[in-house]
Amino acid sequence: MTENWFGGEGWSPIGNEGIRFIGSYNGQYYTIDRLYINRQNSSYIGLFGQTDGASISNLRVTNAYIRGSYRTGILAGSIDSNSLITNIYSAGEVYGSDSVGGLIGYCTNSGVENSVSYCEVYGESYVGGLMGITYYGSIISSYSLSSVSGRLHVGGLIGSIMSNSLVYNCFSVGSVTGEALIGGLIGPSSGTVTDSYWNTESSGLDNSWGGQGRTTAQMLQQSNYSSWDFTNTWTILQNVSYPALSWQDLSDYALPGPVNLTGLQENMVNHLDWEVPYNIPLGYRVYRNGVLMNEDELITVTSYTDSDLVQWEEESYYVTAAFEIDNTILESLKTNTISLTAIVVGGGNGTFENPYLIGAADHLYSARFVRRSHFLQANDIDLGAPPWIVV
């Protein structure tokens, strides 16, 4: 487990600003799983720190947790000087400050082709689902399923493309949030974007510095990608999946999933609700802290109740849908992730119409975990009277 390496900092990136990786790495489509890096004060963070004229290809990096500062990505913090990245799949969580991406943080004079990112990406500036920022770079036949959250220069695919960079035959479908200078596909840019698209519904944005916005229905139809090569490079399940790369397995295909997951904590019970996906599924799977809750059978309604909770502990949830395609069960893209903390109060559900009732010391203490909720004190509370203990 790499989280125990180097005093909890995890994996030490291959190559750095002083000694760059200059060779080639062919993963032969094998997987590197559970890559862990927790170096929030360091730059050039990823499986590879910085490359120079390198080639990295045919590799899957899954369930990664990456935390860095400047130039941070799952595969590489920075690729430079004619480096080439091809046929890569990255999935996990990425946190950084500047130049943060699900696959690559920073790119200059280099290229990414036929690659995919399915991550949760968080940063401050120049934050993208696939890449944070590129100068004189080319991003071709690649896509992002990542949810992206930043402050400035944020894009579903790339935070910013500069200095004659090219984006060609690419798309993104994840949610994109930020304070300013954000785009569904690309953030503020001066490069060229050709035959590339983003989902205006799932991203929550109808603007981008390049590319064309489309609905979910439009993005599931091959006819809407007229210049794309669906013989050698791309494939699609018509009206069912987004385009996938020809080297990907059927299980990798991205199917639109349930949307708008919401939750409510009501006296040690978490209530979840969501909306149906574009196509009607066989049922749903609910995950708590990344672990499947309904392993034995699918849920066939759009709600779920979890009462197996510990007071004051936070639980994170997301939901996916299951579809049967060619006698194979495929799992959809997941919903947004929400977090709920189990609390004990005198009643209510925390809404304005039905506020939490506060009648004891532990009720009052619980308010810190649900700060957006509404409260109504029901009687006098003596904080000096036992028994109540916060551990």
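These figures come from a predicted structure and were not determined experimentally.

A. Spatial organisation of the side chain of Asp-252. For Asp-252, the position within the fold is in the loop between strand S27 (244–245) and strand S28 (259–265). When sequence neighbours within four positions are dropped, the list of residues in contact with Asp-252 reads Arg-60 and Tyr-143.

B. Just the packing of aromatic side chains, in detail. Scanning the model with the defined rule gives 25 aromatic pairs in all. Look at Tyr-143 and Phe-171: their rings are 4.6 Å apart centre to centre, the planes differ by 5 degrees, and that puts the pair in the stacked class. Placement of the pair is Tyr-143 in strand S15 (residues 143–144) and Phe-171 in strand S20 (residues 171–172), with a sequence separation of 28 residues. Cluster of aromatic residues (ring-pair linked, three or more members): Tyr-143, Phe-171, Tyr-197, Tyr-225, Trp-228, Phe-230, Trp-234 and Tyr-242.

C. Representation of the pattern of salt bridges in the model. Overall, the coordinates contain eight salt bridges when judged by the stated rule. One salt bridge in this structure joins Glu-9 and Arg-39, with 3.0 Å as the shortest N-O distance. A residue pair is termed long-range when its members are at least 10 positions apart, and Glu-9 in the segment before strand S1 (24–33) and Arg-39 in the loop between strand S2 (36–38) and strand S3 (48–52) qualify at 30 residues. Take Glu-9: its relative accessible area is 34%, and that puts it in the partly exposed class. With a relative accessible area of 12%, Arg-39 lands in the buried category. One salt bridge connects Asp-52 with Arg-20, and the closest N-O pair in it is separated by 3.5 Å. Taken as a pair, Asp-52 in strand S3 and Arg-20 in the segment before S1 lie far apart in primary sequence, 32 residues in all.

Parameters and conventions
Chains are numbered independently. Their residues run from 1 in the order of the written sequence. Residue-level local features of this predicted model are given only where pLDDT is at least 70; pairs of side-chain atoms are given and counted only at 80 or more, and the full residue set underlies all totals for whole chains, interfaces and linings. Calculation of side-chain values draws on the structure's entire complement of heavy atoms; hydrogens and water are dropped beforehand. Think of it this way: any DSSP run of H or I at least four residues long counts as a helix, any run of E at least two long counts as a strand, and we number them from the N terminus. Whether two residues touch is decided by their heavy atoms; if any such pair falls within 4.5 Å, the residues are in contact. In summary, the pairing rule links any two rings of Phe, Tyr or Trp, Trp by its six-membered ring, whose centres are within 6.5 Å, and it sorts them by plane angle into stacked for under 30 degrees, edge-to-face for over 60 and tilted for everything else. The working definition used for a salt bridge is a side-chain nitrogen of Lys or Arg within 4 Å of a carboxyl oxygen of Asp or Glu. Accessibility here uses a 1.4 Å probe with only protein chains present; expressed as a share of the type maximum, an area under 20% marks a residue as buried, one over 50% as exposed, and anything in between as partly exposed.

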